[in-house]
Each structure stands twice: as structure tokens, then as C-alpha cells.
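# Close look at the chain arrangement
Okay, here's what each chain looks like letter by letter:
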Amino acid sequence: MKIGHQNLIETFSEFKELKNINRPAMQSVLEDVFKAMLKRKFEINDDAEIDSSFDIIINVDKGDFEIWHNREVVADKDVKKPLQQISLTDAQKIDEDYEIGEEVTEEVKLESFGRREVLAIRQNLSSRIGDLEKNNVYNKYKDQIGELITGEVYQVWKKEILVLDDERNEVILPKTEQIPSDFFKKGEPVRGVISRVEMRNGTPLVIMSRTAPEFLEHLFELEVPEIFDGLITIKKIVRIPGEKAKIAVESYDERIDPVGACVGMKGSRIHGIVRELKNENIDVINYTSNPQLFIQRALNPAKITSISLDEAHRRAEVYMKPDQVSLAIGKNGANIRLACQLTGYDIDVYRDNMEEEEDVNLEEFADEIDAWIIEEFKKVGCDTAKSILKLSKEDLMKRTDLEEETINEVLEILRAEFE
């Protein structure tokens, strides 16, 4: 069966080469297609009957296949199963030397099926190969979730971009997975990570992301050899895509400064990453298992005065000078939000006013507080604003002869000064 079926093999060969389908899978598809063909021709329902009566021989390397029908020679009156048996008379028409009990092996010619059946076979083969290719794409990318991929922009739409990978497989880059300032034109290269793979209506949908933390991780692996070699480990990455990112790194070699290695000489290593991420500001932080120190580093560039931790509830109260608070919070709260995500603590920032701001002499409040009241405070050793504010209202009432209403008015004036 070498003439007449060549188009089937050519169809198979083209699909195999273009779609990169492996040979065992391709052979299995061909066998299934030909079994279905034999079932229709001989009106068979049982696969076991096909396997016992026919040999399907497929030679992928030569691009050829053969189908042989095997039947036992029986006496003319004993033919009860025409699929497995052949009468002695019919057998001797093929070869006069056949005898009862021998096996007749006869080639099934493709031409015996007719043009319509051959066309159905080709369509079935194309459909099965298409399904196989879809499953291959799905399984391939399902195993690559989180991995870096490079492709070419093929089509730009309002809500997503169609990207073709190196094997011309289609990958979708949704607007929601793009950095806000991303802008691509057809034909441009684009990098990202595989974020998820779905099957929609039997077709694999591969989704790419440029906002995932894994994308930043792979960029560091490309730019920093020490990370690629395992000398430096990335402990955690948090991002506000296109705006700010924090990455905690740790070195297993005391001779290597992990932060310095990631940044590079004069920022040479990190500059390329920042450009890829559309000028995303990246803070590289030296990881530590000490939560107080880690929170302090995570709030960089702000300088901290003191920290109070509630480890049971993963909360931290951080005190700092008033001029450091805005640095800790960052633009639109980005810095403190990422610090919380990086450390795993809910961080509350407080101004350390009482400790850091200068005290004020009571005499300076003479235009708001009567002189005799100021003298009353001085008698008990309270001659500055802070010396009064450090005491409770009850203590002040006990130490002085002032009424509660008067003390409340004084406390309100003094507090307003520091607020």
C-alpha cells in the first residue's frame, strides 16, 4: 500500500515537523485512525477483534504504512466468522498451496475504501493531530509556569497582546499583566513569565505576565551571575509594577556582599533591570532572620529611632523623627506597603515628637497662660512644657492648688504647641 496513501503520510510528516510532535504519540494516533477505518469497513465494534485479525505496520522513518488481514483457512462449510476465517476455496484463489488450518495474510489496499472514506481518514488524521498538538502545547507550558519566556509581538489589541514564541506558539499578554507604562509595537521582542495555562473550548490559552515577582527574579538571575550560580539567594520579592519593588537577598559566602553584587559597580547590573521594568525603583535589601533589623532595612531610606514588636499578632510599632516619616511611607504609601509585604508584619509608623523635639520654657506661653498659673507650676518644679506633659492630670492636681478646668486648658495649650 505505497501508492495512493502517500498524501496521508505527507500530511503526517508535515504536522510532525512543524508541530514538533514526538514519534510514539504520532504512531499511536495513526494506529487509532486506521483502526477506526477498519471498524467502519468491516462493521466491527470490538477493538480486540481488530487486534486479533489485523496487523497495522507503521514506519515513521520511511513515511510508509501497511495493513494486513489475517484469517485461518477452514473448510467451505465451516466459515462462521468471516473476519477471522476464510474458506479453503477462497484461500486457494490467492495461492493454490493453502491448506486447512494455515493462516492467510492478505494486504488491505487503501484503494478498496473509496475516495470518500480516504478523505474521511485524512480529515480524522488532521483533527487528531491538531488535538495532539493542543495537548502538547498545554502540557509544555503547564510545566513552565513561572519560567521566563521571550517572544515577538504579533498583534496588539486594546486589552491584550498576542505574542509568538520561538516555536510560533501563541501566548497572550493581557493588559492587566503589563507594566502600566508598557508600550509595544508589532514585531518587537517582549519578555515575561508564564503565569498560567488554561484550556478554553479545547484550545490551550497561555498567559504571560510582566508584573509577577518571578519576572523580576529571572531578570536578576540573568544580570547577577552569583544568583544564577546559587551563591546568592533571593529570599522574597514584592512589587508595585512600574513603580517600586523590594527584593531581599542573602549570601552563603561571607566574602560576597549580596546587595553590592546585585546592584553592581555604579549600578551597572541593576540599571538594565530598571530599564526593562520601565524605571521601576528597586530596593535591594540584605535579608536577616532578626525581625527588628529586617523591618528597619525594609523601611529604607527612612531612619528608625525605635521599634516595638508584637510577634504573636505580627504587628510592629516604629518610631522615628518627624522628617523621616514621609520617607518611610513613600509616595502613595508604596514604601511602607511593600515593607509590610516583605517582612510579613503590619507596620505602624509614629512620630517620635516627645523625644526629638526641643522643650519649651513656660515663660514663652505668657500670652496664653496667666503669670500666676505659670508660677504655680514652677513651685512644683515644672518650668517647661514637657515637664508638665510628662505628668498625668491627676498628678498635677495633687501637686498644685489649680482646679481641674485650669489644668485642662494648660494641657491643651501645651499639646497644641508640639502637634
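Let me begin by describing the structure that accompanies this report. Computed from a predicted structure; not experimentally measured.

### Points about a negative patch on the surface
On the surface, Asp 95, Glu 96, Asp 97, Glu 99 and Glu 102 cluster together to form a negatively charged patch. Its location among the elements puts Asp 97 in the loop between α4 (88-94) and β4 (103-107).

### Remarks on the packing of aromatic side chains
If you walk through the whole model with that rule in mind, you get two aromatic pairs. Plain terms: the ring middles of Tyr 319 and Tyr 350 are 5.3 Å apart, the flat faces sit at 25° to each other, and that makes the pair stacked. Of this pair, Tyr 319 sits in strand β14 (residues 315-320) while Tyr 350 sits in strand β15 (residues 346-351), and the two are 31 residues apart along the sequence. Look at Tyr 319 and you get partly exposed, because its relative accessible area is 27%. Given a relative accessible area of 34%, Tyr 350 falls into the partly exposed group. Lying over the aromatic face of Tyr 154, Lys 186 brings its terminal NZ or CZ to 5.1 Å of the ring centre. One residue, Lys 235, lies across the ring of Tyr 287, its end atom 5.1 Å from the ring centre.

### Here's the deal with the pattern of salt bridges
In the structure shown here, the tally under the stated rule is 22 salt bridges. Here Arg 315 makes a salt bridge to Asp 346, at a shortest N to O gap of 3.7 Å. Taken as a pair, Arg 315 in strand β14 and Asp 346 in strand β15 lie far apart in primary sequence, 31 residues in all. Residue classification places Arg 315 among the partly exposed positions, given a relative accessible area of 35%. A relative accessible area of 41% means that Asp 346 is categorised as partly exposed. A salt bridge links Lys 378 to Glu 363; the nearest nitrogen and oxygen atoms lie 2.0 Å apart. Pair noted here: Lys 378 is in helix α14 (residues 371-379) and Glu 363 is in the loop between α13 (353-356) and α14, with a separation of 15 residues, a long-range link. Overlapping salt bridges, with partners in common, bring together Glu 177, Arg 196, Glu 198 and Arg 200 in one network.

### Description of the environment of Leu 231
Mapping Leu 231 onto the fold places it in the loop between α7 (225-228) and β10 (232-240). Remark: the alpha-carbon pair of Leu 231 and Phe 65, spanning 166 residues in sequence, is separated by 55 Å.

### With respect to the sheet that holds strand β13 (residues 306-310)
Two orientations exist for strands paired in a sheet by backbone hydrogen bonds: parallel and antiparallel. Pairing is mixed across the open sheet formed by three strands, whose spatial order is β13-β14-β15. This sheet does not close on itself; its edge strands, each paired only once, are β13 and β15. With direction set aside, neighbouring strand axes in the sheet form an average angle of 20°. Relative to β14, β13 is paired through five bridges, and the arrangement is antiparallel. Bridging across to β14, Ser 306 finds its partner in Tyr 319.

### Here's the deal with the sheet that holds strand β11 (residues 244-251)
Spatial ordering of the open sheet is given by β10-β11-β12, a layout of three strands whose pairing is mixed. Of all the strands in the sheet, just β10 and β12 (281-286) have a single pairing partner and so form its edges. Strand-to-strand twist in this sheet, taken as the mean axis angle between neighbours without regard to direction, amounts to 20°. Sheet analysis places β10 next to β11, joined by eight bridges and oriented antiparallel. The partner of Val 238 across the bridge, within β11, is Lys 246.

Each value, and the rule that gives it
- Position numbers for residues start from 1 in each chain and track the written sequence from start to end.
- Local features in a predicted model are, by the rule used here, given only for residues with pLDDT of at least 70; side-chain atom pairs are given and counted only at 80 or more, and totals for whole chains, interfaces and linings are based on all residues.
- Side-chain numbers come from the whole structure's heavy atoms, not from hydrogens or water.
- Residues qualify for a patch when their relative accessible area is over 30% and they have no salt bridge, like charges being joined within 9 Å and the nonpolar side chains of Val, Leu, Ile, Met, Phe, Trp and Tyr within 5 Å.
- To measure how exposed things are, a 1.4 Å probe is used in the Shrake-Rupley method; for residues, cover is taken only from the protein chains shown.
- Salt bridges are counted wherever a side-chain nitrogen of Lys or Arg sits within 4 Å of a carboxyl oxygen of Asp or Glu.
- The convention is simple: Lys and Arg are positive, Asp and Glu are negative, and His and the chain ends are not counted.
- The atoms used to mark charge sites are NZ of Lys, CZ of Arg, CG of Asp and CD of Glu.
- Under the DSSP-based scheme used, a helix requires at least four consecutive residues in state H or I and a strand at least two consecutive residues in state E, with every element numbered from the N terminus.
- Geometry of aromatic contacts follows a simple scheme: Phe, Tyr and Trp rings, the Trp one being its six-membered ring, pair when their centres are within 6.5 Å, and the pair is stacked under 30 degrees between planes, edge-to-face over 60, tilted otherwise.
- Here's how the labels work: a residue is buried when its accessible area is under 20% of the maximum for its type, exposed when over 50%, partly exposed in between, all with a 1.4 Å probe on protein chains only.
- Sitting over a ring, as applied to charges here, requires NZ of Lys or CZ of Arg to be within 6 Å of the ring centre and within 35 degrees of the ring normal.
- At least two bridges found by DSSP between two strands is the condition for calling them paired.
- Structural elements are reduced to axes, namely lines fitted to C-alpha atoms, with helices fitted over the stretch in contact, and the angle between N-to-C directions of any two is expressed from 0 to 180 degrees.

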